[in-house]
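# Coordinates in review
Listed here are the chains, written in short residue letters.
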Amino acid sequence: MQAETLSGGFADTARDAARAFRAVLDAMARPGSIHEMAGAAPPAPLSPAAGAVALTLCDPETPVWLAPSLATPEVEGWLRFHTGAPLGPREAAQFAFGSWEELAPLTDFPIGTAEFPDRSATLVVGLPGLAPAGARLTGPGIREAAALSLPEAEAFARNAALYPLGLDFIFTAGSRLAALPRTTRVEG
Amino acid sequence: MTDMSQDYNFAYLDEQTKRMIRRALLKAVAIPGYQVPFASREMPMPYGWGTGGVQVTAACLTPEDRLKVIDQGADDTTNAVSIRKFFERTADVAVTEATSEASIIQTRHRIPEQALSEEQILVYQVPIPEPLRFLEPRESETRKMHALEEYGLMHVKLYEDIAKNGHIATAFAYPVKVEGRYVMDPSPIPKFDNPKMDDCPALQLFGAGREQRIYAVPPFTKVVSLDFEDHPFEAGRAAHDCALCGAGDSYLDEVIIDDEGGRMFVCSDTDHCRTRREAGHTGALGVPEAFA
Amino acid sequence: MYVAVKGGERAIENAHAWLAEERRGDTSVPELSVAQIREQMGLAVARVMAEGSLYDPDLAALAIKQARGDLIEAVFLIRAYRTTLPRFGASRPIETADMACKRRVSATFKDAPGGQVLGPTFDYTHRLLDFALAAEGEVPPAPQAEPAEGPVPHITGFLNREGLIQQERPSEETPPDLTRQPLETPADRSLRLQALARGDEGFILGLGYSTQRGYAKNHAFVGELRIGDVEVEFDIPELGFAVTIAEIEVTECETVNQFKGSKLEPPQFTRGYGLTFGMAERKAISMALVDRAMRWRELGEDYVGAPAQDEEFVLYHCDSIQATGFVEHIKLPHYVDFQAELELVRRMRREAAEAQAAAGAAAMKEAAE
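Residues numbered from 1 in each chain as written. Chains lettered and ligands numbered in written order. Predicted model: local features only at pLDDT ≥ 70, side-chain atom pairs only at ≥ 80, totals over all residues. Heavy atoms only, no water.

### As for the overall build of chain B
- Within chain B one finds seven helices and 12 strands.
- The C-alpha atoms of chain B give a radius of gyration of 20 Å, which matches the 19 Å a tight globule of 292 residues would have.
- With respect to the principal axes defined by its C-alpha atoms, chain B has extents near 55 × 50 × 40 Å.
- Here chain B holds 292 residues, and 64% of them are scored as buried.
- Taking the contacts inside chain B whose residues are at least 6 apart along the sequence as the reference set, 60% of them involve residues at least 24 apart.
- Summed over all atoms, the accessible surface of chain B reaches about 10300 Å², with 50% contributed by carbon and sulfur. (Helix = DSSP H or I, 4+ residues; strand = E, 2+ residues; numbered from the N terminus. Rg over C-alpha atoms; globule rule 2.2 N^0.38 Å. Buried < 20%, exposed > 50% of the residue type's maximum accessible area, 1.4 Å probe, protein only. Contact = heavy atoms within 4.5 Å. Areas by Shrake-Rupley, 256 points an atom, 1.4 Å probe, with all protein chains shown as cover.)

Spelled out as structure tokens, the structure:
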């Protein structure tokens, strides 16, 4: 086992995970808001923010899909060692990690059922950057309107139309993170 | 014999349990008003004493938080004291009685009078999370009703109340509709508090431990109390002023003060009342805090 | 000047101190040791282990001492402790056929291989208070026989050989875990049995009794009741084989129930099953009755609306810790809600009185005209 596999986890597991979760919670509750995610140092190309999301939310109970660019022995080994999450196909994923291009098309991830809309995947999308500009966001969690540099608008509009079913998104860039629940209305 | 000395994890719950609750919380935020099932753990306090709220708070707390716990609006009710103590002991977290200073507020039966801010999280303790439960005791049925958005029964019940009593005979745990989709139980808060949930800047989280459900209302979300055009929702409170601070717009507790049937009305929100008295407001029976 | 009640914290501390004093009772009477409870209150210990879902006689005894003998409170202490324990894995299923039986009776056959063993039972004691026990006398040792060698086959196995009893399909699937997943119905049988095994003895007993009195009547014989020690084996992946990590006492009951047959199947006996930690035959028998009643769907029987058939009703209400918490929580302050009701009732009464007065005035006016 390589040293890289063993290192890069949270130094103070309980407290670091608590802080990281609050950042994700705040991001999901206030779509468009951008947060700093500290504490994780995963092997590249997994970003520190995406690594922190994995450490905070993934474990042996959550099947994970990894995009081809992330499915390196280093990243897989790191995830397995630190989270114990089983890697699996898109159809079974509770969390999926990858670039926007690799995650598309979004149609084969679970979107929940009418009785259990929560049984849907959360996509952790790696972006080159995150800025409060671009697509116009409205809906729950947003006072009037917010803006976020999303890769496109149409896919999110299609997802929102499935409500209450649908996917939820966490965007990461370096150590920064934002989120977009299925309730957000996105205009290009 | 089993080793009986042990340290508990930060905020009591083990990390795997926290991850499970955290995942449920995120889905709850993404589907406002929908009840997410979660594998509630057996807590060291009884079901009905806030085990759901405690688990939600434990999953959200960071070492930097400042926690306020209220029961019936008051910080010094025994169960509020007990829960606050629990988190002081297990998370070494700072606590406060001042609504404005708290980053997380766990509550049973009230929403503070002071408007909440974007920096705050309000965690509700919920006994029966299912608003349709008193119409249909079976979970398998109510889940279908939510899936099909079939809320006709609820409207029929409320309308029967009006036909019989001239009023909707629900004074607390008054059902609301969240963002035009899910009918939700706001927990047993008096309906006086319902309007505070609408378009609230704070994140509102709900935990029902025994019933194994978590749900949420994100900030700035539409929360409408169910009503009818000819019988609009009315908040309602005792038609008195607080005897201690003179507030005319707060929710009041009725206190029996002698065996002649004498009573007085005081703010249920103890922090609100104290803050007002400290600012010099005085009611019929009170003196400003500084002189008391 | 009115002063609001303060000092909740001190009140709680004082209450706890008083509770500790009451727990100890008269200090001129020697204090109970945990070992005394474990050895001399064995059936209480068994019940706390069974409903607490934790096999540890010492901890159960401690919980009973701490709970002043309130067994539900003791179960609660054990459950709250249990949830904090780390999990290393799951054991292999226990083999009750390999049980070292201290008691084994069958109501369906006069005798069978392995024999009938009465064991340490209350069954034929005359329920006369034994005042000699009050005098703390030593008990003479019970007569001993050589333990029987080899496995004791299950009685239902004999019926199975003739095809007279419905066959249980063996399954290699990992059963769901009631303590790690939220309960969802319809529940499979392993989940129902889990809930019943943890369920309140009194509740399960009452439900089992109701099936005998005609609420989902399905006449049951105790095919076999056995109590004794079984080995718990744990697979060690590094070693590639299983090792015995403990020996635990369990009670197992298999009932043999009537079944008239259906369009597809000829008449056959069916089964109910009960298994609990420790010596707890009342619970195991009751559990088997309720298990059988809840199998109506699988066996193609009619749902007659009996409480014991209704798995949603049974599973959501059999847990003593959930039930006691929620039933007792209504003693907590509810004055905010009560105040809201009070205002509403006052208002409705006022309006009713006004309406009545108005109607009376109108009638008077009418009469005067």
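There is more to say after this.
### Section: helix 1 (residues 8-24) of chain C
- Here helix 1 of chain C spans 25 Å end to end across 17 residues, near enough to the 24 Å set by a 1.5 Å rise per residue.
- At the C-terminal side of helix 1 of chain C, C:Gly25 shows a positive phi close to 65 degrees. (Expected span 1.5 Å × (residues − 1).)

### Points about the interface of chain C and chain B
- Listed as interface residues are 52 residues of chain C and, on the opposing side, 69 residues of chain B.
- Between the two partners, chain C and chain B, sit six salt bridges.
- With its nearest N and O atoms 3.1 Å apart, the salt bridge here joins B:Lys85 to C:Glu9.
- At the junction of chain C and chain B, the tally comes to 20 residue pairs in polar contact (both at pLDDT 80 or more).
- Residue assignment for the side of chain C that touches chain B shows that the elements contributing at least two residues are helix 1, helix 4 (57-66), helix 5 (71-82), helix 11 (311-317), helix 12 (320-328) and helix 13 (335-368) of chain C. (Salt bridge = Lys/Arg side-chain N within 4 Å of Asp/Glu carboxyl O. Polar contact = N/O pair within 3.5 Å; in protein donor to acceptor, adjacent residues only side chain to side chain.)

### Regarding the pattern of salt bridges
- Following the criterion strictly, the structure yields 67 salt bridges over all chains and no others.
- A:Asp59 serves as the salt-bridge partner of B:Arg23, at 3.1 Å between the closest nitrogen and oxygen. One end of the pair, B:Arg23, is in helix 1 (residues 15-30); the other, A:Asp59, is in the loop between helix 3 (48-57) and strand 2 (64-66), on a second chain.
- For A:Asp59, a relative accessible area of 0% corresponds to the buried category.

### Focus on the sheet that holds strand 4 (residues 122-126) of chain A
Residue and element names in this part refer to chain A.
- If you trace the six strands from one edge of the open sheet to the other, you get 1-8-7-4-3-2, paired in mixed fashion. Looking at strand neighbours, the two that pair on one side only are strand 1 (35-36) and strand 2, the edges of this open sheet.
- Together, strand 1, strand 7 (168-173) and strand 8 (176-180) form the strand contacts of helix 2 (residues 13-29), whose direction differs from that of strand 8 by roughly 40 degrees. (Pairing = 2+ DSSP bridges. Axes fitted to C-alpha atoms, helices over the stretch in contact; angles between N-to-C directions.)

### What to know about the layout of surface pockets
- Of the voids in this model, the second largest pocket is the one considered here, and its volume is about 2100 Å³.
- Along the walls of the second largest pocket sit 42 residues, with B:Pro44, B:Met45, C:His16, C:Glu73 and C:Leu77 positioned nearest its centre.
- Of all the secondary structure elements, the ones that give two or more residues to the lining of the second largest pocket are helix 3 (78-91) of chain B together with helix 1, helix 4, helix 5 and helix 12 of chain C.
- Sorting elements by how many residues they give to the lining of the second largest pocket places helix 3 of chain B first, with eight residues.
- Its residues assigned to classes, the lining of the second largest pocket shows 23 nonpolar, nine polar and 10 charged. (1 Å grid on protein atoms, 1.4 Å probe; cavity = no way out; pocket = protein on both sides within 12 Å on 5 of 7 lines; lining within 4 Å. Points joined across faces, edges and corners; volume = space filled by probe spheres on them. Nonpolar A, V, L, I, M, F, W, Y, C, P; charged D, E, K, R; others polar.)

### Remarks on the environment of B:Arg110
- Assignment of secondary structure puts B:Arg110 in the loop between strand 4 (104-108) and strand 5 (121-125).
- Taking the C-alpha atoms as reference, B:Arg110 lies 8.9 Å from B:Ala74; in sequence the two are 36 residues apart.
- The contact partners of B:Arg110, leaving out residues within four places of it in the chain, are B:Ile70, B:Gln72, B:Gly73, B:Ile189, B:Pro190, B:Phe192, B:Asp193, B:Lys196, B:Tyr251, B:Ser268, B:Asp269 and C:Val336.
- Within the structure, B:Arg110 has its side chain in polar contact with the side chain of B:Asp193 (distance 2.7 Å).
- At 2.6 Å, the side chain of B:Arg110 forms a polar contact with the side chain of B:Ser268.

### Concerning the environment of B:Ile257
- As for its position among the elements, B:Ile257 is in the loop between strand 11 (252-256) and strand 12 (263-267).
- Setting aside anything within four residues of it in sequence, one finds B:Ile257 in contact with B:Gly262, B:Arg263 and B:Met264.

### Section: the nonpolar core
- Counting residues in hydrophobic clusters, the biggest one holds 89 residues, and the most contacted among them are A:Leu25, A:Met37, A:Phe97, B:Leu25, B:Phe87 and B:Leu205.
- Ranked by residue count, the leading element in this core is helix 2 of chain A, at 11 residues.
- Ignoring sequence-local partners within four residues, the contact set of B:Leu25 consists of A:Phe21, B:Val56, B:Ala59, B:Cys60, B:Leu205 and B:Ile214.
- With 29 residues, the next largest nonpolar core counts A:Ala93, A:Leu106, A:Phe169 and A:Phe171 among its residues. (Core = buried A, V, L, I, M, F, W, Y, C linked by side-chain atoms within 4.5 Å.)

### Some thoughts on helix 3 of chain A
- The element helix 3 of chain A is extensively covered by neighbouring structure, given that nine of its 10 residues are classed as buried.
- Buried within helix 3 of chain A we find A:Ala49, A:Ala50, A:Gly51, A:Ala52, A:Val53, A:Ala54, A:Leu55, A:Thr56 and A:Leu57.

### Let's talk about the pairing of strand 5 of chain B
Residue and element names in this part refer to chain B.
- Most of strand 5 is tucked away: five of the five residues are buried.
- Side-chain alternation along strand 5 places Ile-121, Val-123 and Gln-125 on one buried face and Leu-122 and Tyr-124 on a second face that is also buried.
- Across four bridges, the pairing between strand 4 and strand 5 is parallel. Each residue of the ladder has a partner; that of Gln-106, found in strand 5, is Val-123.
- Pairing analysis gives five bridges linking strand 5 to strand 8 (residues 203-208), with the strands arranged parallel. Within the sheet, the bridge partner assigned to Ile-121 lies in strand 8 and is Leu-203.

### Digging into the sheet that holds strand 5 (residues 135-138) of chain A
All names here are of chain A.
- Pairing is antiparallel across the open sheet formed by three strands, whose spatial order is 6-5-9. Of all the strands in the sheet, just strand 6 (146-148) and strand 9 (185-187) have a single pairing partner and so form its edges. Averaged over all adjacent pairs, the angle separating strand axes in this sheet is 35 degrees, with direction ignored.

### With respect to a negative patch on the surface
Residues and elements named next belong to chain C.
- Together, Glu-95, Asp-98, Asp-229, Glu-231 and Glu-247 make up a negatively charged patch on the protein surface.
- By secondary structure assignment, the location of Asp-98 is in the loop between helix 5 and strand 1 (100-105).
- Under the relative-accessibility criterion, Asp-98 is labelled exposed at 53%. (Patch = residues over 30% accessible without salt bridge, like charges linked within 9 Å, V, L, I, M, F, W, Y side chains within 5 Å. Lys, Arg positive; Asp, Glu negative; His and termini not counted. Charge placed at Lys NZ, Arg CZ, Asp CG, Glu CD.)

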